[in-house]
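Spelled out, the chains give:
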Amino acid sequence: HAWPTLTQYLLNMLDRHTEEDYLTPRVFRRACTWLEENRENDPWFLWIDSFAPHERWDPPMEFADAYCTTTESRNYIQPQLINRAEPSEAEIERTKALYHGYVTFVDKWIGVFLDKLAGMHLLDDTLVVFTSDHGTELWDKDRFGKGGDRLYRYNTGIPLIVRLPGGLDGGTVREDFVQHQDLLPTICDLMDAPCPPTLGQSLVPALSSGVHAAHERVYTTFNGKATGMPSHVTVTTPTHTAIIPRLPREPELYDRRSDPEQLTDVAAAHPELVAQLHGDLIDFMREQGAEEAYVTEYLR
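Cut-offs applied
Residues numbered from 1 in each chain as written. Predicted model: local features only at pLDDT ≥ 70, side-chain atom pairs only at ≥ 80, totals over all residues. Heavy atoms only, no water. Helix = DSSP H or I, 4+ residues; strand = E, 2+ residues; numbered from the N terminus. Buried < 20%, exposed > 50% of the residue type's maximum accessible area, 1.4 Å probe, protein only. Contact = heavy atoms within 4.5 Å. Pairing = 2+ DSSP bridges. Axes fitted to C-alpha atoms, helices over the stretch in contact; angles between N-to-C directions. Salt bridge = Lys/Arg side-chain N within 4 Å of Asp/Glu carboxyl O.

1. Brief notes about the side chain of R150
Link 1 in the chain: Within the secondary structure, R150 is located in the loop between β3 (143-145) and α5 (153-156).
Link 2 in the chain: The exposure class assigned to R150 is buried, which follows from its relative accessible area of 12%.
Link 3 in the chain: The contact partners of R150, leaving out residues within four places of it in the chain, are E137, D140, K141, R143 and N155.

2. Digging into the sheet that holds strand β5 (residues 218-221)
Link 1 in the chain: One open sheet holds the four strands; their spatial order is β5-β6-β7-β8, and the pairing between them is antiparallel. Only two strands of the sheet have a single neighbouring strand rather than two, namely β5 and β8 (252-255). Geometrically, the sheet is characterised by an average inter-axis angle of 15° between neighbouring strands, direction not taken into account.

3. With respect to the pattern of salt bridges
Link 1 in the chain: The tally for this structure, following the rule as stated, stands at 15 salt bridges.
Link 2 in the chain: Between K116 and E36 there is a salt bridge, and its shortest N-O distance comes to 2.4 Å. You can see K116 sitting in helix α4 (residues 89-119) and its partner E36 sitting in helix α2 (residues 23-38), a full 80 residues away along the chain.
Link 3 in the chain: Its relative accessible area of 24% is what places K116 among the partly exposed residues.
Link 4 in the chain: In this structure, K96 engages E93 in a salt bridge whose closest nitrogen and oxygen atoms are separated by 3.5 Å. Of this pair, K96 and E93 both sit in helix α4, three residues apart, which is roughly one turn of the helix.

Put into structure tokens, the structure is as follows:
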């Protein structure tokens, strides 16, 4: 199904002649213009949605060349196309380079926007948050891309960078459990704005005083396309991740302390822990008001 949309994409990109014709620079240049148009209209909120570096991995090729050049591979900008093709090592490494180059390309243009904020002297009273919706597989477990049945760390672990107004360069790296639903209450808290009901919790205490964020575990899924019902849900604690599928598939369990890449399924060796985390998931679903028919899909 990728071919018709890939063809349309390539047709849409025919008018690119310089780096600034790519979609990413166009997005961030427009964001810079928005700042100029609205700098006096505070308080303001700007959401910049850069679809890149999502597939298709199609940066200006000099960015990919910085990571790998080869004459033995095409540029598979739709990386899933080689998942079943027994690709060569050159094809794998060049496809990884397309992604790494695309990330570098996006990073460059985020920098252009941040330089604009600094040049307009807006950083002292502006909160900057950087995040994403999911990760991706770079030939992890012999795959490129992502999927609802592949809820491993490289797909579910996402970046979250928060720069407080007037913050200094540098910062700290935290291992707290946070999720996207925490962003709304956090932003409202920092702006002294009322927050509508949400499942999330403000991260201001963790950001300002260094206390641990409140989540003891997190639940992650990838929404199903047809029914809205995901095929798998993860339950993640500070030490383990359980991947709970809908029936009839079997759960997986990974001990992230000894196996951070989640390469070895230890569910068979720890049935009690699998049962405990599975029960936690069912309880969480019911607490959140999930329909019982939905919950039943995960009962065993």
